[in-house]
Amino acid sequence: MSRPRNPGARRVGWLADLPVAERMAVRCLRAIGRDATADTQLTADLALTLGPARGHSTKAVLNELMQVAQYYGRRPLCRHADTCECLGADEAVFAALVGYAVNGAQEDATLMASLLVRPDMAQCFAGLATEFGLAMDAMTRTAAPYVPQTHRAQIAVH
């Protein structure tokens, strides 16, 4: 068995084992910027679930998180496919970062952020993750939490 080139892609668990808000955060992370269809669907789903204004601002924060990760990341951030049920190492770190941030554990969130981005950008990244995580937490209180359109089609088949 060969190891993936980027250790961030390695499976470390299952998406279903994450708390709901963290699972939704990973699903959004997988969808953002993947392709035009996924990006459009993410925008629509966030607006539908959070309302147009908060959905738009949540998408903007996620875009900013991705830009910070791209420019200041320790290496390229690995994301699994939208329909993949396993959890990659980078996704697990991101989920933990969001979880700590939402629960007010800023030092732990900053520590997790430093695994993804340079130390001098970790606090900024953790702050953005807090804002994004609070939106994911709000989504857990809605009747229809975010599931990407492509994943919905797969669920309907099973």
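All values derive from a computational prediction rather than experimental measurement.

Peer 1: Can you help me understand the overall build of the protein in this one?
Peer 2: The helix and strand inventory of the protein stands at seven helices and two strands. When the helices and strands of the protein are placed in sequence order, the string is β-α-α-α-β-α-α-α-α. Put simply, the protein has 158 residues, and 45% of those count as buried. A sequence separation of at least 24 residues applies to 72% of the contacts in the protein between residues at least 6 apart. Carbon and sulfur atoms provide 56% of the accessible area of the protein, an area that totals close to 8,300 Å².

Peer 1: Hey, could you run me through the packing of aromatic side chains in this one?
Peer 2: Geometry of an aromatic ring pair is reported as the spacing of the ring centres plus the angle between the planes. Taken as a whole, this structure holds one aromatic pair when the rule is applied. Seen from their ring centres, phenylalanine 94 and phenylalanine 132 are 6.1 Å apart, and the 40° between their planes marks the pair as tilted. Residue phenylalanine 94 is found in helix α4 (residues 89-102), and its partner phenylalanine 132 is found in helix α6 (residues 119-139); the two are separated by 38 residues along the sequence. The pair phenylalanine 94 / phenylalanine 132 is uniform in exposure class, with both members buried.

Peer 1: Got a minute to help me understand the pattern of salt bridges in this structure?
Peer 2: Opposite charge on two side chains permits them to pair, given that their charged atoms come into close proximity. For the structure shown, the criterion picks out six salt bridges. Its salt-bridge partner being glutamate 91, residue arginine 30 comes within 2.8 Å of it at the nearest N-O pair. Residue arginine 30 is located in helix α1 (residues 20-31), and its partner glutamate 91 is located in helix α4; the two are separated by 61 residues in the primary sequence. Both residues of the pair, arginine 30 and glutamate 91, count as buried. In this structure, aspartate 137 and arginine 141 form a salt bridge, with 2.9 Å as the shortest nitrogen-oxygen distance. For aspartate 137, a relative accessible area of 22% puts it in the partly exposed group. Residue classification places arginine 141 among the exposed residues on the basis of a relative accessible area of 63%.

Peer 1: In this structure, what is going on with the packing of helix α5 (residues 106-116) against α6? I would like to understand it.
Peer 2: In helix packing, the relevant descriptors are the interaxial angle and the interaxial distance, both defined with respect to the helix axes. One can describe the packing of α5 onto α6 by two numbers: an axis separation of 8 Å at closest approach and a directional angle of 115°. When the axis of α5 is compared with that of α6, the two are roughly perpendicular. Here α5 runs over α6; the crossing is right-handed. Along its contact with α5, which presents Gln106, Ala109, Thr110, Ala113, Ser114 and Leu116, the element α6 presents Ala122, Gln123, Phe125, Ala126 and Thr130. Here the residues of the contact of α5 with α6 sort into six nonpolar, five polar and no charged.

Reading the values: rules and limits
- Within each chain, residue numbers correspond to sequence positions counted from 1 in written order.
- Note on the predicted model: pLDDT of at least 70 is required for a residue's local features to be given, and 80 or more for side-chain atom pairs to be given and counted; whole-chain, interface and lining totals, by contrast, use all residues.
- The side-chain quantities take in all heavy atoms of the structure and omit both hydrogens and water.
- Secondary structure counts use DSSP, requiring at least four H or I residues in a row for a helix and at least two E residues in a row for a strand, with both numbered from the N terminus.
- Only protein chains enter the area calculation, which uses a 1.4 Å probe; residues under 20% of their type maximum are buried, those over 50% are exposed, and those in between are partly exposed.
- The contact definition used throughout considers only heavy atoms, calling two residues in contact when any of these lie within 4.5 Å.
- Working definition of accessibility: Shrake-Rupley area with a 1.4 Å probe, residue cover restricted to the visible protein chains.
- Pairing of aromatic rings covers Phe, Tyr and Trp, the last through its six-membered ring, and needs centres within 6.5 Å; plane angles under 30 degrees mean stacked, over 60 mean edge-to-face, and all others mean tilted.
- A carboxyl oxygen of Asp or Glu within 4 Å of a side-chain nitrogen of Lys or Arg is what we treat as a salt bridge.
- A fitted line through C-alpha atoms serves as each axis, taken over the contacting stretch for helices, and the angle formed by two N-to-C directions is quoted from 0 to 180°.
- Oblique is the label for any angle not covered by the other classes, which are roughly parallel (under 35 degrees), roughly antiparallel (over 145) and roughly perpendicular (65 to 115).
- Note: crossing handedness is left-handed where the near helix turns anticlockwise from the far helix by less than a right angle, and right-handed where it turns clockwise.
- Three classes are used: nonpolar for Ala, Val, Leu, Ile, Met, Phe, Trp, Tyr, Cys and Pro, charged for Asp, Glu, Lys and Arg, and polar for all others, with Gly counted as polar.

The analysis is restricted to geometry; functional conclusions fall outside its scope.
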